[in-house]
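So you can see what is in the structure, the chains are spelled out below.
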Amino acid sequence: MRNYEILEHTADLKIRAYGKNLEEIFSNMLQGMFESCQPEMENREPVIRDVRVKSENLESLLIDFLSEAVYLSDTNNEAYFSADLTIGDNKLKGKIQGKKVKRFQIEIKAVTWHDLEIKKVGDQWQAVVLFDV
Amino acid sequence: MLNKKDLRKINDYLYEIPRVYRSDMRVPARIYADEKMLDQILKDRSLEQLINVTVLPGIQKYALAMPDCHEGYASPIGGVAAIRISDGIISPGMCGYDINCGMKLLISNYKEEEIKSQIENLATEIQKQVPSGLGRGGQSKLDIAGINKILQGGAQKLVEQGYGNKEDLENCEAGGKLDWADASSVSNHAKNRGRDQVGTLGSGNHFLEIQKVDQIFDQNVAEVFGLFKDQVIIMVHCGSRGLGHQVCTDYLREFIPLMENKYKIRVPDKEFACVPFGSSEGQRYFSAMAAAANYAWANRQMIAHFVRKAWKSVLGEKDSGLRILYDVAHNIIKKEKYVIDGKEIDVAVHRKGATRAFPPGHSELPKVYRGIGQPVLIPGSMGTASYVLRGTEKGEESFYSVNHGAGRTMSRHAAMRMARGDEVVKRLRQKGILVKCRSMKGIAEEAPLAYKDVDQVVNIVERAGLAKKVARLTPLAVIKGE
């Protein structure tokens, strides 16, 4: 089972991520988002950032988490490819791991609410997010 | 799914989706396109998204799509909505994340043949001077107080500090500064993202091109604009970078629950995230958007400064002689007045991927252009033509708005499957166009085949009467941010 796939969209970046639980799907969407930016690494030691997000529902929690990662990436010149999170009660805390980046080919402008989806299908979680690039 | 038969042809360049098409439409939707372009537009969800725009409370006359329109989120890119201020909404999603993404055009005194041997050196030096997209240009980071000054003062602040001259501001929309900007309505997250990005292009479709004037359509107007055949000019396309993206992200986040719970506004796409224009929240966003717009004008002004520096160092001149023809936004919300049903009405014109094109005589135009209309700057896709047009009286029907480029027609993913970066660069080089980029990876996504034909798009705008062609520009060198 792959972690995520890129869906067709005329101009922006649409990703469907998969996971066996919420923690995994959040981490896989993060990975999909940053891998799609095609970062060129600085080839340094891994970086780890703490994240803590509280939202009013699960959809908002996913957007807020990814938006915080975009903020951290833009201000620290880093890309993150996995997350070690604890999620419950529309709250999330944990760490995201990545690397220093020289440049991105694609810049994520924002994580949008358009066509946003997060749902359980059988025993799997699926989420779709459209990123403005 | 919308079908061609759901559209009514008004004339060869204008189609309408009547109000009866969907029960929640407040006004019809109109699309500037010819039949061929319409077929292309119908391939994605642009028009479904345009119908969603017609639902916005306070929308006047019709929701508009320009011929370069393509699917986005909330509104299609290339969408225009004029919303009555007295009882309508303001929508961060209908402005977009890249607040005041726009164009700046610098013109030289040279013909191509006079400096042909220096074009490559100029491109190399400009690439060195204009810091890369991630903002690591070697300049020091501004502190928050410095960012606040730019948010309040825009390009004016930079000119005061010596990064340009008075004429640069005269030839810039709003003089490079919106007075109602309020730095205190911009979050620290946004300000932090802006600290090292003043004077940076960013990635994606943002670019800087050395171009030449390939064709003049109107000699008299071209003279007033300072354009002549074979002239070397420089076009800049970029916006408010991470700061603007964060402003939009912050306000969407705040407005979605307000829209649903406090103001009970129902729209088909959350991404509109609208609140009443006159509400305290709406006004706070309007002042934050203005601050981000000021940041974008400062960004383009700083890039112009770097370009002038590069120009002087390569050509060994005291003064670069580069004059700014104009600077105009294509993602912005502005208060404007229109006569609608016989009454003058104040509206908030939301332009998302649409360029303002004021007519001759408009009081907001610089004196030098007032007799002929606003210069309208339309970039093509990488390696293709760009245009300078001028606004017309007939443009009133589109709230003085035209397209903002060629418009994508193929996803980035599909473009990458169709073309390789190095092949695209090679093909452009065969056409005499240099490409300066820091990596090949992003080039394929911006390949000309991923875009509509800019000549056709501009012809539709002209034949619809919204603007008149003044000059066609072709690239000599393309410089990408990343």
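As the structure is a computational prediction, the values presented were derived from the model and not from experiment. (Residues numbered from 1 in each chain as written. Chains lettered and ligands numbered in written order. Predicted model: local features only at pLDDT ≥ 70, side-chain atom pairs only at ≥ 80, totals over all residues.)

**Focus on the sheet that holds strand 2 (residues 14–17) of chain B**
Two strands in a sheet stick together by hydrogen bonds in their backbones, pointing the same way (parallel) or opposite ways (antiparallel).
Residues and elements named next belong to chain B.
Okay, so step 1: Within the open sheet, the 7 strands sit side by side as 1-2-3-4-5-13-12. Their pairing is mixed. Each of the sheet's edge strands pairs with one partner strand only, and the pair in question is strand 1 (8–11) and strand 12 (331–340). Pairs of neighbouring strands in the sheet enclose a mean axial angle of 40°, with direction left out of account.
Okay, so step 2: By the bridge criterion, 4 bridges tie strand 2 to strand 3 (residues 29–32) in an arrangement that is antiparallel. When the bridges of strand 3 are listed, L14 appears paired with Y32.
Okay, so step 3: The strands that helix 2 (residues 46–53) touches are strand 2, strand 3, strand 4 (63–73) and strand 5 (75–84); relative to strand 4, the one it contacts most, it runs at about 110°.
Okay, so step 4: Running at roughly 145° to strand 4, helix 14 (residues 454–463) makes contact with strand 3 and strand 4 of the sheet. (Pairing = 2+ DSSP bridges. Helix = DSSP H or I, 4+ residues; strand = E, 2+ residues; numbered from the N terminus. Axes fitted to C-alpha atoms, helices over the stretch in contact; angles between N-to-C directions. Contact = placed C-beta atoms within 7 Å.)

**So, the packing of helix 5 (residues 144–160) of chain B against helix 10 (residues 280–315) of chain B**
Residue and element names in this part refer to chain B.
Okay, so step 1: One way to put it is that helix 5 packs onto helix 10 with a least axis distance of 7 Å and a crossing angle of 25°. Judged on the interaxial angle alone, helix 10 and helix 5 are roughly parallel. Considering the relative orientation of helix 5 and helix 10, their crossing is left-handed. Touching I150, L151, Q152, G153, G154, A155, K157, L158 and V159 of helix 5 are A291, N294, Y295, W297, A298, Q301 and M302, all from helix 10.
Okay, so step 2: By residue class, the composition of the contact of helix 5 with helix 10 is 10 nonpolar, 5 polar and 1 charged. (Parallel < 35°, antiparallel > 145°, perpendicular 65-115°, else oblique. Left-handed = near helix turned anticlockwise from the far one by under 90°. Nonpolar A, V, L, I, M, F, W, Y, C, P; charged D, E, K, R; others polar.)

**Re the pairing of strand 9 (residues 231–238) of chain B**
All names here are of chain B.
Okay, so step 1: Among the 8 residues in strand 9, 8 count as buried, and that is most of the element.
Okay, so step 2: Residues Q231, I233, M235 and H237 line one face of strand 9 and the alternating positions V232, I234, V236 and C238 line the opposite face, and both faces are buried.
Okay, so step 3: With 6 bridges joining them, strand 8 (residues 207–216) and strand 9 adopt antiparallel strand pairing. Residue pairing in the sheet places L208 in a bridge with V236 of strand 9. (Buried ≥ 20, exposed ≤ 12 C-beta atoms within 10 Å, placed from the backbone.)

**A closer look at the interface of chain A and chain B**
Where interface size is given, it is often the accessible area lost as the parts come together that is meant.
Okay, so step 1: If you look at the interface, chain A gives 26 residues, while chain B gives 38 residues.
Okay, so step 2: Counting residues per element, the side of chain A that touches chain B draws most heavily on helix 2 (residues 58–76) of chain A, at 4 residues.
Okay, so step 3: Here the residues of the side of chain A that touches chain B are counted per class, giving 9 nonpolar, 9 polar and 8 charged.

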